[in-house]
Structure formats: structure tokens, C-alpha cells
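Chain residues, written in single-letter form:
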Amino acid sequence: MPFRDLSIATKQKLGFGFILLLMVGAGLFAVNRSRAISDEAEQTVALWLPRVVAISDVNLEVGELRIRQLQHATATVDSVRQAQAVAMIDLIDAINLNLDTYAVLTETAQARGLNPATERDLYARFESFWEQYLDIANQLLTLTELGAESRATSLLRGEATQVYQRMSATLAYLVEANRTQAAAGAARAEETFRATTVVIIVLLAAAALLAVGIVSTLVASMAGPVRRLAGAADRMAEGDLDVYVEPSAKDELGRLTHSFNVMAAALRKAQRQTEEQ
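Residues numbered from 1 in each chain as written. Predicted model: local features only at pLDDT ≥ 70, side-chain atom pairs only at ≥ 80, totals over all residues. Heavy atoms only, no water.

## Some thoughts on the environment of S38
(1) Moving on: On the secondary structure map, S38 appears in helix α1 (residues 8-74).
(2) Moving on: Among the residues examined, S38 registers a relative accessible area of 43% and is labelled partly exposed.
(3) Moving on: Residues S38 and F193 lie 155 residues apart in sequence; the distance between their C-alpha atoms is 9.9 Å. (Helix = DSSP H or I, 4+ residues; strand = E, 2+ residues; numbered from the N terminus. Buried < 20%, exposed > 50% of the residue type's maximum accessible area, 1.4 Å probe, protein only.)

Here it is, written out as C-alpha cells:
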């Protein structure tokens, strides 16, 4: 059945039902995109930022460990040397603790497919350098305990320096890689928010325009037939019974128009019968 032949109530229901469907779609879209924004924010807050903090702390602690080792090797007072040794052990424990935290976060990120190959390679290189540096640190403590300060100093300024420089450079790249990923996650969340806002505004604007269009169409579909019926009724009131209004549809107004035409025809017939008598 053509749309124009539907009842006025049905037209209204279909029109406003479509508007409601469009608005529900906009709401569902907003919920879905909000979930995406939430996921990006959660990844940034729960994964990337803690990794940045952990690996940045490792970077600072490794630098401090290097300073403590130099002070330990050059100390001339046993109490000072012993204090530096204790501080070195505490720093190594702190570094290992941060590395454990970083490793757990990395496993979580990898399970979600969020651990780039570049970062994995950097971390593997750092772990290799860190193991070498720990061996050197233990050798350093052993040499100073045996009173071989000159050998400890040579070790610290030779092999230890080379390993430290490589490890430090790798750490710097690793810190930057994590900061980049955190910034990228925040940027993705912001971009998703912007895109979602634009789409929702477009959908709401479309719903508003559609509502205006539906109301205008319904008003026009009723106003035209009503005007024609009013004009025909005025002509009949002036005595012109030879009127006919073409039905525009088969809805309530169409049936009303048909009834008006039947009434006009009955009046014309009655008029002719009166004149014949």
C-alpha cells in the first residue's frame, strides 16, 4: 500500500518510529564508541603510564647505581665504602623490583597485542646488558672486600663503563618508546572522542531535520485536502451544488472527501427532483 494511502495515525507512527530508531542508533553508537574511549584510557592509565614510570625509575636508579659504584671504588674510609656497598645493594633490589613490575605489565600488554616488536627487542637487549652489569657489580664488591681497589677501579672504568653506556642508551630508547606509546594511546582516545562527537551531532541533526520533514509532510498532506473541502463547502453554501473534490489518498481525509462528494451528488439529485415536481 502506498504511503499516502495509509491512515494518518499510521503515518505518524511510522514517521516518529523512524526518528526514534535513528536516535536509538545514535545512542547505541555513542555507547559503543564510549567503550572504545574507555578501553584506550584504561590502556593508557593501567598499562602505558605505569610502564613509563617503572622503566623511568630504572633509568634513574641505574644512573645512581653507577655513581655509588664510583664512590665505592674511590672511598678511602671503610665505613664510607661499606655504606656505599649497602646503598648499591638497595639500588639493585629497587631496580629488580621495578623490572619485575615492568615485566608483569609487559606480559599483560602482550596478551592484549599491545607490545610492539621494537619495544620487546629493546627490553631483551637491556636485560642482557643488565645481567652483564650485575656480574660486574658483584665482581666489584668482591675486589673491594679483598682490598684490590686498583683492580676494582680499572674494572669500573673499563668493561663496566662500556656495558653501562650501552645499557643506558638502550634504557633511554626504551623510556622514549613507552612514552610514545602512552602519548599515542591518549591521542587515539581523544581522536575517538572527537569523531564520536561529530557523528552523534550529525545523527541528532539528521533526526531533527527528519522530524521537521515528517511534520511538514503530514501537515501538507492534511492541509491541502482540507482547503479543497473548505472551498467546495463554501461554493455549496452559495448554492453551487455542482462541486466535486478529487480524493488525494485513501486515508481518513480521502474517505471524508468521498463522503462529501456523495453528499453533493445526493443534494444535486434532490434539487433536480424538486425542480421536476
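There is more to say after this.
## Focus on the packing of helix α3 (residues 117-145) against helix α4 (residues 149-157)
(1) Moving on: At their nearest, the axes of α3 and α4 sit 8 Å apart, and the two run at 160° to each other. With respect to each other, α3 and α4 are oriented roughly antiparallel. In terms of crossing hand, the pair formed by α3 and α4 is left-handed. Between α3, through I136, Q139, L140, L143 and T144, and α4, the contact on the second element is made entirely by E149, R151, A152, L155 and L156. (Axes fitted to C-alpha atoms, helices over the stretch in contact; angles between N-to-C directions. Parallel < 35°, antiparallel > 145°, perpendicular 65-115°, else oblique. Left-handed = near helix turned anticlockwise from the far one by under 90°. Contact = heavy atoms within 4.5 Å.)

## Structural notes on the packing of aromatic side chains
(1) Moving on: Evaluated as defined, the whole model comprises 3 aromatic pairs.
(2) Moving on: Centre to centre, the rings of Y102 and Y123 are 5.0 Å apart; their planes meet at 40°, and the pair counts as tilted. Taken together, the residues span a long stretch of sequence, with Y102 in helix α2 (residues 78-111) and Y123 in helix α3 at a distance of 21 residues.
(3) Moving on: Among the aromatic residues, those joined into a cluster by ring pairs are Y102, Y123 and F126. (Phe/Tyr/Trp six-rings, centres within 6.5 Å; stacked < 30°, edge-to-face > 60°.)

## Let's talk about the confidence of the model for the protein chain
(1) Moving on: Averaged over all residues, the pLDDT of the protein chain equals 81, while 94% of them reach at least 70.
(2) Moving on: Within the protein chain, no element has a lower average pLDDT than α1, which sits at 78, and none a higher one than α3, at 88. (pLDDT = per-residue confidence, 0-100.)

## A closer look at the layout of surface pockets
(1) Moving on: Of the voids in this model, the largest pocket is the one considered here, and its volume is about 170 Å³.
(2) Moving on: In terms of lining, the largest pocket is formed by H72, D78, R81, Q82, A85, V86, I89, L141, T144 and E145.
(3) Moving on: Of all the secondary structure elements, the ones that give two or more residues to the lining of the largest pocket are α2 and α3.
(4) Moving on: Ranked by residue count, the leading element in the lining of the largest pocket is α2, at 6 residues.
(5) Moving on: Of the residues in the lining of the largest pocket, the class split is 4 nonpolar, 3 polar and 3 charged. (1 Å grid on protein atoms, 1.4 Å probe; cavity = no way out; pocket = protein on both sides within 12 Å on 5 of 7 lines; lining within 4 Å. Points joined across faces, edges and corners; volume = space filled by probe spheres on them. Nonpolar A, V, L, I, M, F, W, Y, C, P; charged D, E, K, R; others polar.)

## Description of a nonpolar patch on the surface
(1) Moving on: Together, F16, V215 and V219 line one region of the surface with nonpolar side chains, adding up to about 250 Å² of accessible area.
(2) Moving on: On the secondary structure map, V215 appears in helix α5 (residues 159-237).
(3) Moving on: The partly exposed category is assigned to V215, whose relative accessible area is 40%. (Patch = residues over 30% accessible without salt bridge, like charges linked within 9 Å, V, L, I, M, F, W, Y side chains within 5 Å. Areas by Shrake-Rupley, 256 points an atom, 1.4 Å probe, with all protein chains shown as cover. Salt bridge = Lys/Arg side-chain N within 4 Å of Asp/Glu carboxyl O.)

## Quick notes on the environment of A83
(1) Moving on: Here A83 shows up in helix α2.
(2) Moving on: Taking the C-alpha atoms as reference points, A83 and A54, 29 residues apart in sequence, are found 26 Å from one another.

## A few points about the nonpolar core
(1) Moving on: One finds V58, V62, L65, F126, W130, Y133 and M167 to be the most contacted residues of the largest nonpolar core, which totals 36 residues.
(2) Moving on: Broken down by element, the residue count for this core peaks at 11 residues, all from α3.
(3) Moving on: Excluding residues that lie within four positions of it along the chain, L65 makes contacts with M88, L91, I92, I95, W130 and Y133.
(4) Moving on: Core analysis: the next-biggest nonpolar cluster, separate from the first, contains 8 residues, A232, V243, V245 and A264 among them. (Core = buried A, V, L, I, M, F, W, Y, C linked by side-chain atoms within 4.5 Å.)

## Details of α2
Along an α-helix, residues three or four positions apart point the same way, because every turn accommodates 3.6 residues.
(1) Moving on: With 34 residues, α2 extends 49 Å from end C-alpha to end C-alpha; this agrees with the ideal 50 Å at 1.5 Å per step.
(2) Moving on: Phi turns positive, to about 75°, at G113, one or two residues after α2. (Expected span 1.5 Å × (residues − 1).)

## Points about the side chain of N261
(1) Moving on: Inspection of the secondary structure puts N261 in helix α6 (residues 252-276).
(2) Moving on: For N261, a relative accessible area of 8% translates into the label buried.

## Quick word on the side chain of Q84
(1) Moving on: Assignment of secondary structure puts Q84 in helix α2.
(2) Moving on: Overall, Q84 belongs to the buried group, its relative accessible area being 10%.
(3) Moving on: Excluding residues within four positions of it along the chain, Q84 makes contact with R68, Q71 and H72.

## Focus: the pattern of salt bridges
Oppositely charged side chains are able to pair whenever their charged atoms sit close together.
(1) Moving on: Counted according to the given criterion, the structure contains 3 salt bridges.
(2) Moving on: Put simply, E119 and R51 hold a salt bridge, and the shortest N to O gap is 2.2 Å. Residue E119 is located in helix α3, and its partner R51 is located in helix α1; the two are separated by 68 residues in the primary sequence. Neither E119 nor R51 differs from the other in exposure class; each is buried.

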